[in-house]
Amino acid sequence: MSVQTSRLFESALHDLCATQTAQAEFSDNAQLLLRERYLARDADGQVGETPEAMLRRVARALARAERADDAGSWETAFYEVMARLEFHPGSRTLANAGTAQPQLANCFVFPVEDSQASVLRTFSESSVVKSFGGGCGFNYSNVRPRGDQVRGNPGLAVGPVALLKMFDDATKLFRQRGRYESGNMAILDVDHPDVLEFIAAKRADGWLSMTNISLGVSDAFMRAVAADGPWTLVNRRTGLPVRTLPARELFAAACELACETGDPGLIFLDHMNRTNPLRDSMGDIVATNPCGEIGLYPYEACNLGYVNLPRLLLPPDRRDAPHLFDTDRLRVVLAAGVRMIDNAISESWFPVEEIRAAVRANRRIGIGVTGWAESLAMAGIPYDSEEALRCATVLARAMREFAHDASVALGRERGPFPNVQRSVWKDAETQPRNVAVLAMPPSGNNAVIFDTSFSIEPFFAMSYTQRVFGGREIRSVNGLLLRELAARGVAEEDLIDQIADNGGGVQGLSRVPEDVQRVYRTAHDIAPEWHVRMQAAFQEHVDNAVTKTVNLPSTATPAQVAELYQQAWRLGCKGITVYRDTSRADQAIEATTRSPAPVADCDATDGACAVCD
C-alpha cells in the first residue's frame, strides 16, 4: 500500500471514529430476512436482537483480532462501514460472530479419496460442518468407477454417483439452529469412466436437490471438442484407459442435460489453476465451494464479504463512464473490508482441526459485490452494451488493486499468510496477508439486506418472488424503475399488474419510454452471450472466480448451451452455469405473476444461492 493510500485510509478511519453518525436503515424485506436468519435468539428461540445490535455484535467480535489499544477504534470503523450499508461480511459472520461457537466461514472443500475410511471420514467431517451452516465442495474423481473391483473382488465398487446421493441425503438432516440448510458442489473430472452417469445424475426432477454438479474439464478436452477428436476415459485406480469416445459426444450429452435440468455446469480446471499462486508447490485446485466462485484446496474454507456498489456511485454530475464509482471511498471500504474478513479468519472457530490449519495457512478471502445492475441503471447504461463491459473492467481492476494493497498493508503489519514461501510471492519485497482477495459470489441474502440487485447479475425481473427460508416468500418490485417512471410522469397505478402480465419485465409496454426499456432489461431480455461477456470482464481481474448464471429462455436448445460453454472457455472464465427457464419444477426466484409458482430455497440458478452468501 502506498503512503498516499495509507494516509487516505487513516484519515477516513479518523473521521469514522470521530463522527459515529451512521445508523443502518433496512427495508421491510431486509428486516424480515435478518429476523429469520441472523438476529440472535434466546434459549427459547425468541429473537432478542435488533439489526443495529447485530452490526455492533459483529463489529465488536471482529475487532477482537486487533491490538487491545486499537480495538475500540476498529470496532467503531467496522460498525460505521456496515451501518452505512457500504460493506457487510458474509452471512455466517453476520449470524455467528460473537456467539459461543463462532463458525464464520461460508463454504468448505473436503478430500474424497478412494477408500472406505476416507469416504466415511469426509462424510463425518462435512456433516459436522453442515450443522454449523457451511456448504461443502467435493471432487469425486479419485473414486474408482462403479462395478470396479474391491480387494480383488470384481463388481463391488459403488462408484461416485452413489456417494453423491449419500452426501446429498445427509445435507437435509443437518441445519444450523434450524435456520440454514447447507448445500454441496460435486465435481467429476471429464475423463472419469462414470462421467456419463454423473452427467445424468440430476435428470429426475428433485433428485440430488441439495447438490450442484459440475464437470471438471481441461483445455485438452475443450480442444478435442473443437477438433472433433477422441477422448479417453481412465480408471484412476489402475491408470489404464477403459473407453474412448468422441469428445463431442460427451460434450453434447453434458449440454443436453444442462439444457434439460440446469446441471451440469463446467469448471475449467486449467483456467482455475493458471493464476493459482500456490500451484507450483501445492499442485492443482480441483474443487470449489457450492456455487463455484472460489477454488479451494482440501480443508480450505472461504470467508466472504460484499461491497454495496450503489452506495459508492458518484453523483450524476461527476460520473464519466467507464468511471462510475467514488474510487477514494471504494479504496477505504475495501481496506476496511479486507481487514474485517481477515479478522474473521483469526476469530473463527472451526469444528475440524484440519480446516483451522488450512484456512489460517492461506488466509484466503473472497470479496464480491451487490448492486451491479442497479448501478448501471442509475448511470443510464444498458447491461448488454460495450460501455457496461468497459465499466466492469475498470471497476474490477480498481477493486483488485485496492484489495491487494490492503492485504499487503496487513502483511506488513501482521505478517503474510504462512504459506507465502510456497507461493509466487516467496521472493517478493511486498507479500500479502491473503493468498487471494476477490471473488464474485451470488450474494442472494446480502443483496436482500442491502435492498439491491444480486452480485453482477442483470435484474432478474422488475417484480419477483424469492423464497428465503422454509417456504416464506419475499416479493420485491424494482423501486428504482418506479422512481424513474414517476419522474417521467408515469404513475404506478396498474403498472405492477402490467409488469406481472408481461412476465416480470417492461419490454413492449407502451407506458414505459423506449430509453427506459433499454436500460431496465431483465436477465431473460438480455442475449445469453452478453451474460458470458460480463462474467469474463470481471473474471479478468478477480483472483478467485466469478459465479454467474446465464439465464436462458424456455425455448433454448442444447446447441445454444454448447456455444455458451465454448464461449466461456475461450474468454477465460473459470466456470459457467446455465439455467433454462422452467427446467425445474421449483427454482430460487420466480418473476411475479398473477399466481406465483412455488420457489425453492437454494440453488445458484439466478444469483440467489443462500449457501454462499
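Coordinates for the structure precede this section.
Residues numbered from 1 in each chain as written. Predicted model: local features only at pLDDT ≥ 70, side-chain atom pairs only at ≥ 80, totals over all residues. Heavy atoms only, no water.

**A word on the state of the cysteines**
Right, on to step 1. Applying the stated criterion across every chain yields a total of zero disulfides.
Right, on to step 2. There is no disulfide at Cys259, and the cysteine sulfur nearest it, in Cys255, is 9.0 Å away. (Disulfide = S-S within 2.5 Å.)

**Structural notes on the pattern of salt bridges**
Right, on to step 1. This structure, assessed with the given rule, holds 40 salt bridges.
Right, on to step 2. With a shortest N-O distance of 2.7 Å, Arg236 and Asp189 are connected by a salt bridge. One end of the pair, Arg236, is in the loop between strand 8 (230-235) and strand 9 (240-246); the other, Asp189, is in strand 6 (residues 184-189), and 47 residues separate them in sequence.
Right, on to step 3. When its relative accessible area of 34% is taken as the criterion, Arg236 is described as partly exposed.
Right, on to step 4. Look at Asp189 and you get buried, because its relative accessible area is 11%.
Right, on to step 5. Its salt-bridge partner being Glu484, residue Arg488 comes within 3.0 Å of it at the nearest N-O pair.
Right, on to step 6. Exposure remark for Arg488: the relative accessible area of 40% places this residue in the partly exposed category.
Right, on to step 7. Its relative accessible area of 26% is what places Glu484 among the partly exposed residues.
Right, on to step 8. Ionic contacts of the salt-bridge type, sharing partners, join the residues Glu66, Arg339, Asp342, Arg363, Glu413, Arg414 and Arg433 into one network. (Salt bridge = Lys/Arg side-chain N within 4 Å of Asp/Glu carboxyl O. Helix = DSSP H or I, 4+ residues; strand = E, 2+ residues; numbered from the N terminus. Buried < 20%, exposed > 50% of the residue type's maximum accessible area, 1.4 Å probe, protein only.)

**Some points on helix 2 (residues 28-37)**
Right, on to step 1. Among all positions of helix 2, only Ala30, Leu33, Leu34, Glu36 and Arg37 are buried. The buried residues of helix 2 occupy an angular sector of 165 degrees when the element is viewed end-on, so they sit on one face. (Arc of directions from axis to C-beta.)

**Focus: helix 4 (residues 71-83)**
Right, on to step 1. End to end, helix 4 covers 18 Å across 13 residues, agreeing with the expected 18 Å (1.5 Å per residue, within 8%).
Right, on to step 2. Where burial is concerned, most of helix 4 is hidden: 10 out of the 13 residues are buried.
Right, on to step 3. Among all positions in helix 4, only Ala71, Trp74, Thr76, Ala77, Phe78, Tyr79, Glu80, Val81, Met82 and Ala83 are buried.
Right, on to step 4. Leu85 sits one or two residues past helix 4 and shows a positive phi near 55 degrees. (Expected span 1.5 Å × (residues − 1).)

**Re the packing of aromatic side chains**
Right, on to step 1. By the definition in use, this model includes 15 aromatic pairs.
Right, on to step 2. Ring centres of Phe110 and Phe138 lie 6.2 Å apart, and the angle between their planes is 25 degrees; this geometry places the pair in the stacked category. Here Phe110 is found in strand 2 (residues 107-110), whereas its partner Phe138 is found in strand 3 (residues 135-139), with 28 residues between them in sequence. Note on accessibility: Phe110 and Phe138 belong to one class, buried.
Right, on to step 3. Counting every residue linked through ring pairs, the aromatic cluster contains Phe110, Phe123, Phe138, Tyr140, Phe167 and Tyr299.
Right, on to step 4. The cationic tip of Arg56 hangs over the ring face of Tyr79; the distance from NZ or CZ to the ring centre is 3.8 Å.
Right, on to step 5. Between Lys165 and the ring centre of Trp207, over which it is positioned, the NZ or CZ distance is 4.8 Å. (Phe/Tyr/Trp six-rings, centres within 6.5 Å; stacked < 30°, edge-to-face > 60°. Lys NZ or Arg CZ within 6 Å of the ring centre and 35° of its normal.)

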